[in-house]
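In case you want the letters, here they are:
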Amino acid sequence: MSPQQLAPSVRRVAILGGARIPFARSDGPYATASDQQMLTAALDGLVERYGLQGPGAIGEFVAGAVLKHSRDFNLARETVLGSALDARTPAYDIQQACGTGLQAVIAAANKIALGQTDSAIAGGADTASDAPLGVNDSLRRILLEARRAKTAGGRLKALAKVRPGHLVPDIPRNAEPRTGLSMGEHAAVTARAWGIGRRAQDELAAASHQRLAAAYERGFFQDLVVPFRGLDRDQNLRPGSTADELASLKPVFGLDHPEPTMTAGNSTPLTDGAATVLLASEEWAHERGLTPLAYLTAYETAAVDFAGGDVAGGEDGLLMAPAYAVPRMLERAGLALDDFDLVEIHEAFASQVLATLAAWEKRGLGTLDRARLNVAGSSLATGHPFAATGARIVATLAKLLAERDAPARGLISVCAAGGQGVTAVLERA
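Here goes a summary of the coordinates provided. From a predicted model like this one, the values you see are computed outputs, not experimental measurements.

Cut-offs and rules
- Residues numbered from 1 in each chain as written.
- Predicted model: local features only at pLDDT ≥ 70, side-chain atom pairs only at ≥ 80, totals over all residues.
- Heavy atoms only, no water.
- Helix = DSSP H or I, 4+ residues; strand = E, 2+ residues; numbered from the N terminus.
- Rg over C-alpha atoms; globule rule 2.2 N^0.38 Å.
- Buried < 20%, exposed > 50% of the residue type's maximum accessible area, 1.4 Å probe, protein only.
- Contact = heavy atoms within 4.5 Å.
- Areas by Shrake-Rupley, 256 points an atom, 1.4 Å probe, with all protein chains shown as cover.
- Pairing = 2+ DSSP bridges.

A short note on the overall build of the chain
Scanning the chain from terminus to terminus reveals 14 helices and 12 strands. At 22 Å, the chain has a C-alpha radius of gyration in line with the 22 Å of a compact globule built from 429 residues. In terms of principal-axis extent, the alpha carbons of the chain reach across some 75 × 60 × 50 Å. Looking at the 429 residues of the chain, the share that counts as buried comes to 54%. Contacts in the chain between residues at least 24 apart in sequence constitute 80% of all its contacts with a sequence separation of at least 6. Accessible surface, the chain: about 18000 Å² in total, of which carbon and sulfur atoms supply 52%.

Below is the structure:
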């Protein structure tokens, strides 16, 4: 067999639809729901909508979560086993912080493109309410010492070292291990470096709520959102939000500087939720009478040195990796920012979105027409269950592109903890 015969041909990857549960504020309606329960609800919604219950209906399922219990070591597979999907469907987990959902889509797409499978479902789930609590590390060491002891006396001797302070659990912190700063504090540093003001942040946040509300009112999410535990729309949504109202909120990040600008209103709240996306080859879709909404045509990841790079100057802020990923991706694809009809930037913070836009402009991509940005709202309004956001954005953008009569193109930009970024291009033929 010749090398040409061995080399696979690359197929186009179609996005056929998505399903997610409404996103809820932490410690609210989903306070007792696990990642697996939420992800199963989103997956079942997709399976029912597209009739995927039969044997071998889907090639594989890939998903992940960021805040994960030890019991969820095989989250994707356990979700399949508890869902309406055929139990013989293989599944695996993936994780890249807030980029998890989009990376799951990319992983599934790569296998479809190379002909390794004809169809796949990708997604993610996260709960800030049911966050895992770790055993105090000192207690953990004592328990391991007791387990290794050869005699009952040795075990008792080890356990006698336990003190009341050892019983205090380790609670997950929204902080970077390398710096000890929360994501919000990192974003505040970046906001100052790029000169992002309070008014601009509040205006962007208000627009996110207004646009998400309008999308719900026109029925856009009717086939994308599956009701769950009493919710039929995102709980964080505030339809009447205005920049003037948001201006009354007190800052919560960057308080060590004289003029902090970041508030709970222009920052994403802790959120619970799950989302899924159906992807396939064109042939698979055609055989089932399904019309692709869009095609995934390019993707790029990047990372910055947020601990030792040009942090104060804004170039290497924690959430600024998309400022590097997008220019590289567009150069490789032969595209410019003006070639995109729609742009979806994950709104971890309003300041981060504005800093990203400023960085793209500095790198020669030009100024983005805000009428193209997050036209159906984004994370500031929906909330942000870390691993679910990427799948939410992909399904939303694909449907927005499909609504257009003419060919259209969309850009996705997702920042992630650890100084990373995941970006992609969707196209409507």
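As for the pairing of strand β11 (residues 408–416)
Of all 9 residues in β11, 8 are buried, a share of seventy percent or more. With 4 bridges connecting them, strand β10 (residues 342–345) and β11 associate as parallel partners. From the neighbouring strand, V343 faces β11, where its bridge partner is L411. Two strands pair when backbone bridges link them, and β11 and strand β12 (residues 420–428) are joined in this way by 9 bridges, in the antiparallel orientation. For I412, the partnering residue across the bridge sits in β12 and is A424.

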